[in-house]
Amino acid sequence: MAKKFPEDFVKVGWKNIALEPTKASFKKDNADYWGQFTARENKIEVQEEAEGIDLANTLLHEVLHAIVYHSSLNQDGGALKDGGTCEDREEQTVNSISNWLMGVFRDNPWFLPFLMENIDMPKTTPKKSK
Ligand SMILES: [Zn+2]
């Protein structure tokens, strides 16, 4: 079987998070999920069956969960802490942003290569941003 990912981990800020293809099926509230991020084990598991846009979306989705966790957004006082009238703030936020970003990436094939081209480009003329 070909490697699922080009690397064994993904760097998210100061952490290297292990990427683990798995046969496990993740279920929550009777819904199926392709992947999960577990902070304690510092890993992202993705079901081996995930391919194409499902694989890409799952990886982006789980990286966003890692970002939420390591930004403490889901901790006490954080914007994505469950409670009150919403019991799934983090999941709604991560799901919405990852799904919409996947749409932007798919509908604008120039977008990701453009970001990659410019991401490490030194500024030639300093300009103030608004
Ligand atoms: Zn999720």
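All figures in this text were calculated on a predicted structure; none of them were measured in a lab. (Residues numbered from 1 in each chain as written. Predicted model: local features only at pLDDT ≥ 70, side-chain atom pairs only at ≥ 80, totals over all residues.)

1. Quick word on the pairing of strand β1 (residues 9–12)
Regular strands place side chains that alternate from one sheet face to the opposite one. Spelled out, the test is: Should DSSP find at least two bridges between two strands, the strands are regarded as paired. Numbering goes from the N terminus for both helices and strands, where a helix is a DSSP run of H or I of at least four residues and a strand is a run of E of at least two.
Alignment of β1 against strand β2 (residues 15–22), held across four bridges, turns out to be antiparallel. When the sheet's bridge partners are listed, Val 10 is paired in β2 with Ile 17. Two successive antiparallel strands, β1 and β2, enclose a turn made up of two residues, where Gly 13 displays a positive phi of approximately 60°.

2. Quick notes on the packing of helix α1 (residues 52–70) against helix α2 (residues 89–107)
Threshold: Fitting a line to C-alpha atoms yields each axis, with helices limited to the stretch in contact; the angle taken between N-to-C directions then spans 0 to 180 degrees. An angle below 35 degrees is read as roughly parallel, one above 145 as roughly antiparallel, one from 65 to 115 as roughly perpendicular, and any other as oblique. In a left-handed crossing the near helix is turned counterclockwise from the far helix by less than a right angle, and in a right-handed crossing that turn is clockwise. Residue pairs qualify as contacts under a 7 Å threshold applied to their C-beta atoms, which are placed from the backbone.
For the pair α1 and α2, the least separation of the axes is 9 Å and the interaxial angle reads 135°. If you check the angle between α1 and α2, you find them oblique. Helix-helix and strand crossings are classified by hand; for α1 and α2 the assignment is right-handed. Residue-level contacts link Ile 53, Ala 56, Asn 57, Leu 60, His 61, Leu 64, His 65 and Val 68 of α1 to Glu 90, Val 94, Asn 95, Ile 97, Ser 98, Asn 99, Leu 101 and Met 102 of α2.

3. What about the nonpolar core?
Selection criterion: When buried Ala, Val, Leu, Ile, Met, Phe, Trp, Tyr and Cys residues are joined through C-beta atoms within 7 Å, the set is termed a nonpolar core. Whether a residue is buried, exposed or partly exposed follows from its count of other C-beta atoms within 10 Å of its own C-beta, namely 20 or more, 12 or fewer, or something in between, respectively; the C-beta atoms are built from the backbone.
With 11 residues, the main nonpolar core is built from Ile 17, Leu 19, Phe 37, Ile 44, Val 46, Leu 59, Leu 64, Ala 66, Val 68, Tyr 69 and Val 94. Contributing elements (two or more residues each) for this core: β2, β6 (43–47) and α1. Top contributing element to this core by residue count: α1, with five residues. Excluding residues that lie within four positions of it along the chain, Tyr 69 makes contacts with Ala 39 and Asn 74.

4. Things to note about unusual backbone geometry
The residue Asn 42 is not glycine, and still its phi comes out positive at about 55°. Summarising the element assignment, Asn 42 is placed in the loop between β5 (35–38) and β6. Overall, Asn 42 belongs to the partly exposed group, with 14 C-beta atoms counted inside 10 Å.

5. Here we look at the sheet that holds β5
With mixed pairing, the four strands of this open sheet are ordered in space as β1-β2-β6-β5. Across the chains shown, the open sheet's two edge strands, defined by having one partner strand only, are β1 and β5. Going across the sheet, the axis of each strand differs from the next one's by a mean of 25°, ignoring polarity. Across the sheet, α1 touches β1, β2, β5 and β6, and the angle it forms with β5 is around 20°.

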